[in-house]
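# Report on the structure
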Amino acid sequence: MLGVLGTGMRASAVARRLLETRPPAANITFFGRDIERMAELELAGARRAASPADLAARSEVVLIVLSGLDEIDEEMRGPSGLQAGVHSPTTVVIGSAMPPEAARDLARRLPESTAGLLRVVDAPLTGRLESIATGSLSIMVGSSSGAYLDLRPVLDLLGHSTRVGGVGAGQVAAACGQIVVAATSMALGEAAVLAERYGLDLDQVITSWRNGEINSDLLESGQDRLVAHRHDPSLPAGEALAWLQVAELEAARTTTRTDLVRSLRELYQDLANSDLGDADLSVTQSFVEQRPPLGVWRQAAQGETPDERDSVEEPEDVRVAEPGRRAGVRHVATPAARFSAVPT
């Protein structure tokens, strides 16, 4: 029997995938704090648990898809918490981001508090919602070899899994992968804005990119969103921050200098603090569009007052015969002048 503990789109997508691919005799039980999603999953065939404890009592495997360590701890403890419902051997799968040391601590603590009945497997379920729906996730697993072999039939319903080490290793492997995803997505956002502001046809440019060495699944899945400036969530942008924080913690522990990770973490912290965090990762395009020029921030930090309309005329040979360029004399304001001209 399989259980899913979680809230939000990712948890619902996992539950729906399991409902569609489960063995005939398997039941899927779900518990979450979102009443509407619970009702939708119940209509789809899932059984609704009354509490995390009730979920554990009905399940041999519980996949936890929550937003962080605090939520996991909250759902574990107390008379209605997951631990209270464990009365037979049960495997808990950590499917969300948490510091590797915290995952290892859970793997030590939970078996002790349940007389050895509860074991922990670290298997972050990262990827687009479409990848969950099609069972094409790439799942990095941290566990004992025995636990992995026992759990693999369940993980195979969601995608391709690889055991990379003990508990905690799955978190590190997933975080390393998410560095690449976060960096690529921010690069695509900046490149898309730069290309459009020059006057290029973004759809044409991205199609050209896809025929070269920079092609990727992120580029293919993001093309329509970037061209249309439509960022309905498939891979929520706010989720990247948690993985970058995991990567930073591990970099500090291993004394690894990760300048890019630090910069990305700062950028995605700003994005998460905006109203864009729940949109798709391609919303880095809108994030870049909304940010003022860097020179403005430097002047503000130094307490400088922008000069009046400090502008320069472009040379004629730069303006002539370039695609997408406006004809005639143009005056390009400095970042400070552009910023001061924005109406308040």
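For the structure itself, look to the data block above.
Residues numbered from 1 in each chain as written. Predicted model: local features only at pLDDT ≥ 70, side-chain atom pairs only at ≥ 80, totals over all residues. Heavy atoms only, no water.

## Concerning the side chain of Arg 128
Positionally, Arg 128 belongs in the loop between strand S6 (118-122) and helix H6 (129-133). Polar contacts involving the side chain of Arg 128 include one to the side chain of Ser 234, which spans 3.3 Å. Setting aside residues up to four positions removed in sequence, Arg 128 forms contacts with Leu 137, Leu 218, Ser 221, Arg 225, Ser 234, Leu 235 and Asp 280. (Helix = DSSP H or I, 4+ residues; strand = E, 2+ residues; numbered from the N terminus. Polar contact = N/O pair within 3.5 Å; in protein donor to acceptor, adjacent residues only side chain to side chain. Contact = heavy atoms within 4.5 Å.)

## So, the pattern of salt bridges
A full pass over the atoms with the stated rule returns 23 salt bridges. Residue Arg 152 pairs with Asp 156 through a salt bridge whose shortest N-O separation is 3.7 Å. Take Asp 156: its relative accessible area is 41%, and that puts it in the partly exposed class. One network of salt bridges, with partners in common, ties together Asp 73, Glu 101, Arg 104, Asp 105, Arg 108 and Arg 109. (Salt bridge = Lys/Arg side-chain N within 4 Å of Asp/Glu carboxyl O. Buried < 20%, exposed > 50% of the residue type's maximum accessible area, 1.4 Å probe, protein only.)

## Remarks on the packing of helix H9 (residues 202-210) against helix H10 (residues 217-228)
In contact at an axis separation of 10 Å, H9 and H10 are set at 175 degrees when each is read in the N-to-C sense. It follows from the interaxial angle that H9 and H10 lie roughly antiparallel. In this structure, H9 contributes Leu 202, Asp 203, Ile 206, Thr 207, Trp 209 and Arg 210 to the contact, and H10 contributes Leu 219, Glu 220, Gln 223, Leu 226 and Val 227. Taken together, the residues of the contact of H9 with H10 sort by class into six nonpolar, two polar and three charged. (Axes fitted to C-alpha atoms, helices over the stretch in contact; angles between N-to-C directions. Parallel < 35°, antiparallel > 145°, perpendicular 65-115°, else oblique. Nonpolar A, V, L, I, M, F, W, Y, C, P; charged D, E, K, R; others polar.)

## Focus on empty space enclosed by the protein
Across all of its chains, the model carries one cavity of 30 Å³ or more by this definition. The calculated volume of the largest cavity comes to roughly 70 Å³. Forming the boundary of the largest cavity are Arg 128, Ser 185, Leu 188, Gly 189, Leu 218, Gly 222, Leu 226, Leu 281, Ser 282 and Thr 284. Broken down by secondary-structure element, the contributors of at least two residues to the lining of the largest cavity are helix H8 (169-198) and H10. Partitioning the lining of the largest cavity into residue classes produces four nonpolar, five polar and one charged. (1 Å grid on protein atoms, 1.4 Å probe; cavity = no way out; pocket = protein on both sides within 12 Å on 5 of 7 lines; lining within 4 Å. Points joined across faces, edges and corners; volume = space filled by probe spheres on them.)

## A look at the pairing of strand S8 (residues 159-165)
By the bridge criterion, six bridges tie strand S7 (residues 137-142) to S8 in an arrangement that is parallel. Each bridged residue has a counterpart across the sheet, and for Leu 137 the counterpart in S8 is Gly 159. In this view, the connection linking S7 to its parallel neighbour S8 by way of helix H7 (residues 145-155) has right-handed handedness. (Pairing = 2+ DSSP bridges. Right-handed = clockwise from strand over helix to strand, strands pointing away.)

## Some words on the side chain of Ser 59
Relative to the assigned elements, Ser 59 resides in the loop between helix H3 (52-58) and strand S4 (61-65). Residue classification places Ser 59 among the buried residues on the basis of a relative accessible area of 4%. Not counting chain neighbours up to four residues away, the residues in contact with Ser 59 comprise Met 1, Leu 2, Gly 3 and Thr 90.

## Here we look at the nonpolar core
Within soluble globular proteins, side chains that are nonpolar generally end up buried alongside one another. With 54 residues, the main nonpolar core has Val 14, Leu 18, Leu 63 and Leu 82 as its most contacted residues. Considering every element that reaches this core, the biggest residue donor is helix H1 (residues 8-21), with six residues. Once residues lying within four places of it in the same chain are set aside, the contact partners of Leu 82 are Leu 5, Pro 52, Ala 53, Ala 56, Val 62, Glu 75, Met 76, Val 92 and Leu 118. In terms of nonpolar packing, the next biggest core, distinct from the first, is built from 27 residues, Ala 182, Ala 240, Val 261 and Leu 281 among them. (Core = buried A, V, L, I, M, F, W, Y, C linked by side-chain atoms within 4.5 Å.)

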